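# Close look at the chain arrangement
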Amino acid sequence: MKLNNSSSRPLYEQLLLNIKDGINNNVYRLGEKIPNEAELCEIYNVSRITVRRAIQELVDEGLLERKQGKGTFVSRKKVSRELVTVEGFSDFSKQLGKNSSKRILACEEIKATEKIANDLQIAIDSPVLKLSRLMLLDDQPFTIDITHYSLERFPKLTERIFDYESTYDVLKNIYHIDMKKTSQTKVLTAVPATEVEAEYLECEIGDTLFNIDKTVYDDQKIPIHLSTFKTPTTHIAFTIST
C-alpha cells in the first residue's frame, strides 16, 4: 500500500499502521523477520529516517523486536502456563488452541550419573533413556525438553517412545502409569542461552531462558522421569494459583 504524501497523518505513522495491518493479517507472522530498512524505504518510497521512527515506535509498543545481526522480527505473544501443572506439552498446546509438534534432537541410552541415579532413585550406571526434543507451537520453536527415564522401570521405552504423539500417552497405554495421579517438584531458574540453544530456539546467545528442572512422581512417590525445560523468557509467563 502506497503512503499518501498529501495526508495530514505523518508518513512514519502511515508506515507504522501499514506494518501493523501486515501483522494483524498475517502478512508478517509472529516470530517472522520483516523487510529491512532499505527494503522498506524502496517499498514505500520514504526516507530511512521515516522507516526508523516507525520501526522504533513498534519496538516500543512491543510489536517488533530487534535481534542484533539478524534484523527486526514480529514479537511473539507470551503464553501463560500454570507453573505447577502436570499436563504434557500436547495437552498444553491444545488448551492454547495451537498446533504442537516435536523434533527429536537426541534419543539415546546412557548410564545414570550420580545425580540422575539419586533423582530417579536407581543405582549409579543403571540404563537410562535420555530424550532431547525441540518443542514447537504453530511451527515456532518454543522450548527445549531434555528428559530422563529409567529403562529398568520402563524396559524397551527407547523403541516405544515413538508409538504415540505424546510420551505421556506411551506411559499411560503401555506402562499403565496414571498421569492424573502424579505429583511433581520443580525448580525454576534463569540461565543465559548457549550457542546451541540459541540456534534451536531462534534467539540470541546470552538471551535469558527460563530453566525448569522437574521430577514427576507416581502415586507411590516413585520417580517417573526427570525433565529440564529451557524456554526464552519472551515466550511465556508463569502463573501460580493460591
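Everything that follows concerns the structure shown earlier in this document.
Residues numbered from 1 in each chain as written. Predicted model: local features only at pLDDT ≥ 70, side-chain atom pairs only at ≥ 80, totals over all residues. Heavy atoms only, no water.

## What about the overall build of the chain?
Counting its secondary structure elements, the chain contains 8 helices and 10 strands. Out of the 242 residues in the chain, the part that is buried amounts to 43%. Counted over contacts in the chain with a minimum sequence separation of 6, partners at least 24 positions apart contribute 56%. Summed over all atoms, the accessible surface of the chain reaches about 13700 Å², with 48% contributed by carbon and sulfur. (Helix = DSSP H or I, 4+ residues; strand = E, 2+ residues; numbered from the N terminus. Buried < 20%, exposed > 50% of the residue type's maximum accessible area, 1.4 Å probe, protein only. Contact = heavy atoms within 4.5 Å. Areas by Shrake-Rupley, 256 points an atom, 1.4 Å probe, with all protein chains shown as cover.)

## Regarding the packing of helix 2 (residues 37-44) against helix 3 (residues 48-61)
Interaxial distance between helix 2 and helix 3 falls to 9 Å at its minimum, and their mutual angle equals 110°. Looking at the two axes, helix 2 sits roughly perpendicular to helix 3. In the packing of helix 2 onto helix 3, the handedness of the crossing is right-handed. Counted together, Glu37, Ala38, Leu40 and Cys41 of helix 2 and Arg48, Val51, Arg52 and Ile55 of helix 3 form the full contact between these two elements. For the contact of helix 2 with helix 3, a count of residues per class yields 5 nonpolar, no polar and 3 charged. (Axes fitted to C-alpha atoms, helices over the stretch in contact; angles between N-to-C directions. Parallel < 35°, antiparallel > 145°, perpendicular 65-115°, else oblique. Left-handed = near helix turned anticlockwise from the far one by under 90°. Nonpolar A, V, L, I, M, F, W, Y, C, P; charged D, E, K, R; others polar.)

## Side note on the sheet that holds strand 8 (residues 208-217)
If you trace the 6 strands from one edge of the open sheet to the other, you get 4-5-6-9-8-7, paired in antiparallel fashion. Two strands bound the open sheet, and with one partner strand each, they are strand 4 (100-111) and strand 7 (183-192). Adjacent strand axes in the sheet meet at a mean angle of 15°, parallel and antiparallel pairs treated alike. Examined bridge by bridge, strand 8 and strand 9 (residues 223-232) share 9 bridges and lie antiparallel to one another. Looking at the pairing, Asp213 lines up with Thr228 of strand 9. (Pairing = 2+ DSSP bridges.)

## A closer look at the pattern of salt bridges
If you walk through the whole model with that rule in mind, you get 9 salt bridges. Close ionic contact of Glu61 with Lys20 constitutes a salt bridge, the shortest N to O distance being 3.1 Å. Of the two residues, Glu61 is situated in helix 3 and Lys20 in helix 1 (residues 11-24); the sequence distance between them amounts to 41 residues. The class for Glu61 is partly exposed, based on a relative accessible area of 44%. One salt bridge connects Asp145 with Arg133, and the closest N-O pair in it is separated by 2.7 Å. With Asp145 in strand 6 (residues 140-150) and Arg133 in strand 5 (residues 127-137), this pair connects stretches of sequence that are 12 residues apart. Residue classification places Arg133 among the buried positions, given a relative accessible area of 6%. Among the charged side chains, a salt-bridge network with shared partners connects Glu37, Arg48 and Arg52. (Salt bridge = Lys/Arg side-chain N within 4 Å of Asp/Glu carboxyl O.)

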